[in-house]
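The primary structure of each chain is shown beneath.
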Amino acid sequence: MTLSNPEPVGDGNAAGTDLAAEAPVVAETARSPWYLRLPVLSHLRRSVGLQRGMLITGVVLVAGLLLTALFAPLLAPYGFAATSDAAGPFGTQRPPSAAHPLGTTVTGFDVLSRVIWGTRTAVAVMVCAVAASLFVGVALGLLSGYIGGWLDRVLVMLADAIYAFPSLLLAIVMSIVISGGQSDAWGGILAAALSITVVFVPQYFRVIRAEVVRLKAEPFVEAAKVVGTGHRRIMGTHLLRNATRTLPLIFTLNASESILTLAALGFLGFGIEPTSASEWGYDLNRAMSDATSGIWWTGLFPGLAIVLAVLGVTLVGESVNDLNDPRLRTRRRRRSPRRARA
Amino acid sequence: MTATDEKGASAPSAPRRTRQRSSGGLGRYILIRFLLIIPTVLILMTVVFFLMRITGDPITAALGGRLTPAELAARRAEAGYDRPLIVQYLDYLGGVVRGDFGTTYTDRTPVSEILTTYGAATFELVAYSVVVALVIGVPLGMLAARTRDRWPDAVLRIVAILGYATPVFFVGLLLKLVFSVGLGWLPVAGRISTSGEITMSRILNPTPFYLLDALRLGDMALLRDVLSHAVLPAVALGILTGGIFLRLVRTNMIGTLEMQYIESARSRGVAESRLTTRHALRPALIPIITVMGMQIAMMLGGAVLTETTFEWNGLGYMLAQYMKARDYVAVQGIVMMLAVIVAVSNFIVDVIAALIDPRVRY
């Protein structure tokens, strides 16, 4: 069976693909104006069929998420912690109606407003978490891979230990440490973001370190050393720029995972207080007991919001990754006409 | 999935060092790999111990508002929390080595008892879910690979991504709404019904595994009760993992289906169905075995959420409860237990991988 097969299975290098066939596409991309060479746009042009559909869906969902977060005050009919308006209290657990298109919760919040305001929290956490883990993870990976020795061994072992552990549990412990369990809006967002960061740093660390170790042996690094380039410049210019190729995929996967982790923290009751910011996971937590008595609107809509947000980010990341990997990319010319239609 | 990517990405550094040595070092490899469990668990234990202490000691956290400062100080001294942190840490380590994980604050139960009782519940849940995940993931992944870029593949890929994007507690909520509240087929929550519990209490020396006890008793009604409670949680958690399996099987099978030996088998006239099940599936399953280790860690994380959703009295559910009560001793014990499970399963998976593929040994 397998031992007769000398090729490694399933690691994403481009060996054995027909690069010549890709050349026209690549050349076309290289000639086009700068805005068409931006990551997602250039991928959009290269994609066909189902892959294009998935990418477009993802881009639309992400754009929707960002726009909703940006214009939440205009879109939401009420505040995220409002339980009454000029006409009086909203009432609790009301089914969807004209005044409350998605109904009200057990606390008397308007579900639609909660869902819309929740995008803000999700985007804020996503941005903070990914930015923080990107910086810390890349820096550590670079140092560890370049310097090597004991520092490398210790860091690798630490990263492996943390990576092997269920990330959610780590996030729970971290959130308790950072915020003491529950907190105000920005405190809560930062606590959630930092808890998620701790979980992600090992991922960035491992990928960057592996790339740096590989690149360190390349002739151009040797050459730079021979002409007397400083360590800082070698790390910054020669290694870092070349090691970041794999980052976009982890970047998007982490973004989607940070939304999920935030929701999970909120669901377990370690999130942001409902009066400080709207958070989908918390709303789902409160909706759990509603479900038992057949009240579906309090849980369904925040849940769908999570799914759509994660779906959007994941679709963009997946498609970009598939398009970067020639093995997985759907080619423009297809042998069978039936596949071309798909 | 990221797990595979990183496995692949970090692998190249290992074989280089070993190439000069003979490839016969399997025993050595297993030994080294086994010893690596200890630092992994130790690191996690240490990290959690000190992290939990940053926010203060458990007694202040639990009783801070209710006692006068003098009473609080007396209580802290009694429990040994006035000593330096490092002494407490060494003391705790000493206890763990002797098999003593301490006693919880909130309900005064030995942690070791919590670990066996609730650990069994989590084990049952994860075991059911792995079955569900394999039943969903492997055949559908094969189907997707065989129909690559045609509509079944397209549908399945979207379903798999949806499976990843949907939090397990939302799946749980939907399942509850449809199957428990809407159709009334399955129980809403818990591991067993009240009447089942009464039957169960009549068993002499019960095991912590409900399924085992029900089978031993041979009581069909009890068995149905136990299984019906397990269906929704197992499906909720299994769907999550099944989606990941599906994608893994698909990607790896597409890889193997393009290998030359498949082409040669095809030219010999081997049937397409046999080609996928025999020739392509087996090599495609190897990365899945290796990812399984990572998956167990992920499933344990998912188990926390699933258990909370369905009030399944497992380690995850209890961990969240103890965490909220700031019962650090219980939290540490459970976290360490989970760390051991993860480390041991990773070890087993690595050994299997080494047996299959000699290149990963060091």
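Residues numbered from 1 in each chain as written. Chains lettered and ligands numbered in written order. Predicted model: local features only at pLDDT ≥ 70, side-chain atom pairs only at ≥ 80, totals over all residues. Heavy atoms only, no water.

Q: Explain the overall build of chain B residue by residue, including any values.
A: From N to C terminus, chain B includes 17 helices and zero strands. By residue count, 52% of the 362 residues in chain B fall in the buried class. Intrachain contacts of chain B at a sequence separation of at least 6 include 73% that bridge at least 24 residues. Of the roughly 16,300 Å² of accessible surface on chain B, a fraction of 65% belongs to carbon and sulfur atoms. (Helix = DSSP H or I, 4+ residues; strand = E, 2+ residues; numbered from the N terminus. Buried < 20%, exposed > 50% of the residue type's maximum accessible area, 1.4 Å probe, protein only. Contact = heavy atoms within 4.5 Å. Areas by Shrake-Rupley, 256 points an atom, 1.4 Å probe, with all protein chains shown as cover.)

Q: Break down the overall build of chain A for me, citing the residues and quoting the values.
A: In terms of helices and strands, chain A carries 14 helices and two strands. The buried share of chain A, reckoned over its 342 residues, is 52%. In chain A, 73% of the contacts between residues at least 6 apart in sequence involve partners at least 24 apart. When the accessible surface of chain A is totalled, it reaches about 15,200 Å², and 64% of it is carbon and sulfur.

Q: Which residues make up the environment of glycine 242 of chain B, and what values do they have?
A: All names here are of chain B. Tracing the chain through its elements places glycine 242 in helix H13 (residues 220-257). Spatially, the C-alpha atom of glycine 242 lies 4.5 Å from that of glycine 137, the residues being 105 residues apart in sequence. In this view, glycine 242 contacts Ala133 and Gly137; residues no more than four positions away in its chain are not counted.

Q: Residue-level account of the packing of helix H5 (residues 111-147) of chain A against helix H6 (residues 149-164) of chain A, with values.
A: Residues and elements named next belong to chain A. Two elements in contact, H5 and H6, have axes separated by 7 Å at closest approach and are oriented at 135°. In this view, H5 runs oblique relative to H6, as classed from their interaxial angle. As H5 packs across H6, the resulting crossing turns out to be left-handed. Taken together, the residues of H6 that come into contact with H5 (itself represented by Leu140, Leu143, Ser144, Gly145 and Ile147) are Gly149, Leu151, Asp152, Leu155 and Val156. (Axes fitted to C-alpha atoms, helices over the stretch in contact; angles between N-to-C directions. Parallel < 35°, antiparallel > 145°, perpendicular 65-115°, else oblique. Left-handed = near helix turned anticlockwise from the far one by under 90°.)

Q: Quick one: what's the story with helix H3 (residues 26-35) of chain B, residue by residue and with numbers?
A: Residues and elements named next belong to chain B. For H3, the full list of buried residues reads Leu26, Tyr29 and Arg33. Axial view of H3: buried residues confined to an arc of 60°, hence all on one face. Facing away from the buried side of H3 by over 90 degrees, the exposed positions are Gly27 and Leu31. (Arc of directions from axis to C-beta.)

Q: Account for the packing of aromatic side chains, with residues named and values stated.
A: For the coordinates displayed, the defined rule picks out six aromatic pairs over all chains. Where phenylalanine 34 of chain B meets phenylalanine 347 of chain B, the ring centres are 5.4 Å apart and the plane angle is 70°; that geometry is what we call edge-to-face. Here phenylalanine 34 of chain B, found in helix H3, pairs with phenylalanine 347 of chain B, found in helix H17 (residues 328-356); they are 313 residues apart in sequence, far enough to count as distant. Look at phenylalanine 347 of chain B and you get buried, because its relative accessible area is 13%. An aromatic cluster of three or more residues is present, and its members are Phe49, Phe50, Tyr89 and Tyr92 of chain B. Above the plane of the ring of tryptophan 150 of chain A lies arginine 153 of chain A, whose end atom (NZ or CZ) is 5.7 Å from the centre. In this arrangement the basic side chain of lysine 176 of chain B is found over the ring face of phenylalanine 310 of chain B, its NZ or CZ atom lying 5.7 Å from the centre. (Phe/Tyr/Trp six-rings, centres within 6.5 Å; stacked < 30°, edge-to-face > 60°. Lys NZ or Arg CZ within 6 Å of the ring centre and 35° of its normal.)

Q: Account for the nonpolar core, naming residues and giving values.
A: If you look at the biggest cluster of nonpolar residues, it comprises 149 residues, and the most contacted ones within it are Leu239, Leu268 and Trp280 of chain A together with Ile334 of chain B. Not counting the four nearest positions on each side in its chain, tryptophan 280 of chain A is found in contact with Leu65, Arg114, Val115, Gly118, Thr119, Ala122, Ile259, Pro302, Ala305, Ile306 and Ala309 of chain A. (Core = buried A, V, L, I, M, F, W, Y, C linked by side-chain atoms within 4.5 Å.)

Q: Lay out unusual backbone geometry with the relevant residues and their values.
A: Residue and element names in this part refer to chain B. In this structure, glutamate 311 takes a positive phi of about 45° despite not being glycine. Along the chain, glutamate 311 falls in the loop between helix H15 (272-309) and helix H16 (315-324). For glutamate 311, a relative accessible area of 44% corresponds to the partly exposed category.

Q: Describe in detail the packing of helix H13 (residues 297-324) of chain A against helix H10 (residues 168-182) of chain B, supporting the description with residues and values.
A: In contact at an axis separation of 10 Å, H13 of chain A and H10 of chain B are set at 145° when each is read in the N-to-C sense. Regarding H13 of chain A and H10 of chain B, the two cross each other, and that crossing is left-handed. Across the interface between the two elements, Gly299, Leu300, Gly303, Leu304, Ile306 and Val307 of chain A of H13 of chain A pack against Phe169, Phe170, Leu173 and Leu174 of chain B of H10 of chain B. Of the residues in the contact of H13 of chain A with H10 of chain B, the class split is eight nonpolar, two polar and no charged. (Nonpolar A, V, L, I, M, F, W, Y, C, P; charged D, E, K, R; others polar.)

Q: Tell me about the pattern of salt bridges, and please be specific about residues and values.
A: Opposite charge on two side chains allows them to pair when their charged atoms are near. Residue and element names in this part refer to chain A. This model, assessed by the stated rule, comprises three salt bridges over all chains. Two residues, aspartate 152 and arginine 209, come together in a salt bridge whose shortest N-O distance is 2.6 Å. Of this pair, aspartate 152 sits in helix H6 while arginine 209 sits in helix H8 (residues 185-216); the two residues are 57 residues apart in sequence, bridging distant segments of the chain. For aspartate 152, a relative accessible area of 12% gives the class buried. (Salt bridge = Lys/Arg side-chain N within 4 Å of Asp/Glu carboxyl O.)

Q: Summarise the environment of leucine 355 of chain B; cite the residues concerned and give the values.
A: Residues and elements named next belong to chain B. Position of leucine 355 relative to the elements: it lies in helix H17. Given the relative accessible area of 52%, leucine 355 is considered exposed. Here the alpha-carbon distance between leucine 355 and arginine 108, two residues 247 residues apart in the chain, equals 45 Å.

Q: Describe the UniProt feature "transmembrane region" (unreviewed entry) in chain A, listing the residues and the values that go with them.
A: Residues and elements named next belong to chain A. When the UniProt feature table is mapped to this numbering, "transmembrane region" (unreviewed entry) covers residues 54-76, 122-143, 155-179, 185-205, 249-272 and 295-317. Its end C-alpha atoms 29 Å apart, residues 54-76 is made of 91% helix and 0% strand. Helix makes up 91% of residues 295-317 and strand 0%, whereas the separation of the span's terminal C-alpha atoms amounts to 35 Å. (UniProt positions renumbered as here; feature names shortened; annotations may be inferred.)

Q: So what's going on with the UniProt feature "transmembrane region" (unreviewed entry) in chain B? Which residues, and what values?
A: Mapped onto this structure's residue numbering, the UniProt feature "transmembrane region" (unreviewed entry) falls at residues 26-52, 125-143, 155-179, 226-249, 284-305 and 328-356 of chain B. Its end C-alpha atoms 27 Å apart, residues 125-143 of chain B is made of 100% helix and 0% strand.

Q: Describe the confidence of the model for chain A, with residues and values.
A: All names here are of chain A. Summarising the model, chain A shows a mean pLDDT of 74, and 73% of its residues fall at 70 or more. Highest mean pLDDT in chain A belongs to H5 (84); lowest belongs to helix H14 (residues 337-341) (45). Note on residues 1-17: pLDDT under 50 across the span, and 25 contacts to partners over four residues away in sequence or across chains. Note on residues 334-342: pLDDT is under 50 here. Beyond four places in sequence and across chains, it has eleven contacts. (pLDDT = per-residue confidence, 0-100.)

Q: Would you mind going over a nonpolar patch on the surface in detail, with residue names and values included?
A: Residues and elements named next belong to chain A. On the surface, Leu67, Leu70, Phe71, Leu74 and Leu75 cluster together into a nonpolar patch covering about 530 Å² of accessible area. If you list the elements that add at least two residues to the nonpolar patch, you get helix H3 (49-70) and helix H4 (72-75). One can find phenylalanine 71 in the loop between H3 and H4. The class for phenylalanine 71 is partly exposed, based on a relative accessible area of 38%. (Patch = residues over 30% accessible without salt bridge, like charges linked within 9 Å, V, L, I, M, F, W, Y side chains within 5 Å.)

Q: Tell me about the confidence of the model for chain B, and please be specific about residues and values.
A: Residues and elements named next belong to chain B. A residue-level look at chain B finds 83% of positions with pLDDT of 70 or above and a mean pLDDT of 75. Averaged pLDDT values over the elements of chain B bottom out at 40 in helix H1 (residues 2-10) and peak at 84 in helix H8 (residues 111-146). Scored by ipTM, the complex comes to 0.75, with pTM at 0.77.

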